[in-house]
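Chain by chain, the residues run as shown.
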Amino acid sequence: MTPYQLTLTTEEVDTIAFVGSRYAWSDALRTLEAGDNQLSEAEAWDIAEAFAADTEGGHSPFQMLDPRSDLAGKLTKFWTSIV
């Protein structure tokens with residue numbers, strides 16, 4: 001069993017693809033598919049590090065996403081679950 005799971009909808013995958021490699025958060029997620037993505041501890045930490053990289057300098061996480069969106073909430077929840 002992999003320790004982490006991130007479930008994405010087709011619309012969320014399309015949003016990630018649209019943002020593309022503009023930001024580390026979206027670049028780290030570009031290989032994920034719609035549905036349940038099983039992630040190893042190392043993969044989860046790589047994603048968490050990408051999320052954190054975008055906040056350097058006081059920037060908000062998940063740039064180009066509405067912070068009230070379901071995807072932003074899902075990514076925040078995933079990020080805070082990594083221990």
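Residue positions are given per chain, counted from 1 along the sequence in the order it is written. For a predicted model such as this one, the threshold for reporting local features is a pLDDT of at least 70, and the threshold for listing and counting side-chain atom pairs is 80 or more; totals across whole chains, interfaces and linings nevertheless cover every residue. To obtain the side-chain values, all non-hydrogen atoms of the structure were used and water was disregarded.

J.: Explain the overall build of the protein chain residue by residue, including any values.
T.: Elements are defined by DSSP. Helices are runs of H or I of four residues or more, strands are runs of E of two residues or more, and each kind is numbered from the N terminus. Counting its secondary structure elements, the protein chain contains 4 helices and 2 strands. In the protein chain, the succession of helices and strands from N to C terminus is β-α-α-β-α-α. Each radius of gyration is computed over the set of C-alpha atoms, and the globule rule expresses the reference value as 2.2 Å times the number of residues to the power 0.38. Taking 83 residues into account, the globule formula puts the C-alpha radius of gyration at 12 Å, and the protein chain, at 12 Å, falls close to it. Each principal axis of the C-alpha atoms in the protein chain carries an extent, and together these give about 35 × 25 × 20 Å.

J.: Describe the nonpolar core, with residues and values.
T.: Leu6, Trp25, Leu29, Phe51, Leu75 and Phe78 are the most contacted members of the largest nonpolar core, which totals 21 residues. Put simply, the parts of the chain that give this core at least two residues each are β1 (4-8), α1 (10-19), α2 (24-29), α3 (41-53) and α4 (70-81). In this structure, tryptophan 25 is in contact with Ile16, Val19, Ala50, Phe51, Asp54, Phe62, Gln63, Leu65 and Leu75, ignoring residues within four places of it in sequence. Side-chain atoms within 4.5 Å link the members of a nonpolar core, which is a set of buried Ala, Val, Leu, Ile, Met, Phe, Trp, Tyr and Cys residues. Accessible area is worked out with a 1.4 Å probe on protein chains only. A residue is then buried under 20% of its type maximum, exposed over 50%, and partly exposed in between. Only heavy atoms enter the contact rule, under which two residues are in contact if any of them lie within 4.5 Å.

J.: Please give an account of the packing of aromatic side chains that cites residues and values.
T.: Only the six-membered ring of Trp is used, alongside the rings of Phe and Tyr, when aromatic pairs are assigned; centres must lie within 6.5 Å, and planes under 30 degrees apart are stacked while those over 60 apart are edge-to-face, with the rest tilted. By the definition in use, this model includes 5 aromatic pairs. Between tyrosine 4 and phenylalanine 78, the ring centres sit 6.2 Å apart and the planes meet at 80°, which makes this aromatic pair edge-to-face. Remark: phenylalanine 78 occurs in helix α4 and tyrosine 4 occurs in strand β1; sequence separation between them is 74 residues. Judged by its relative accessible area of 5%, phenylalanine 78 falls in the buried class. Between tryptophan 25 and phenylalanine 62 the ring centres are 5.9 Å apart and the planes differ by 90°, which places this aromatic pair in the edge-to-face class. In this pair, tryptophan 25 is assigned in helix α2 and phenylalanine 62 in the loop between α3 and α4, connecting sequence segments 37 residues apart. A relative accessible area of 4% means that phenylalanine 62 is categorised as buried. Ring-pair connections join several aromatic residues into one group, and the members of that group are Trp25, Phe51, Phe62 and Trp79. A ring has a charge above it when a Lys NZ or an Arg CZ is no more than 6 Å from the ring centre and no more than 35 degrees off the ring normal. Between the NZ or CZ atom of arginine 22 and the centre of the ring of phenylalanine 18, over which it lies, the distance is 5.3 Å.

J.: Run through the environment of threonine 76, naming residues and quoting values.
T.: Tracing the backbone shows threonine 76 in helix α4. Judged by its relative accessible area of 34%, threonine 76 falls in the partly exposed class. In this structure, the C-alpha to C-alpha distance between threonine 76 and glycine 58, residues 18 residues apart in sequence, is 16 Å. Between N or O atoms, a polar contact is any pair within 3.5 Å; within protein, one atom must be a potential hydrogen donor and the other a potential acceptor, and residues adjacent in sequence are included only when both atoms are from side chains. Reaching out from threonine 76, the side chain makes a polar contact with the backbone oxygen of alanine 72 at a distance of 2.9 Å.

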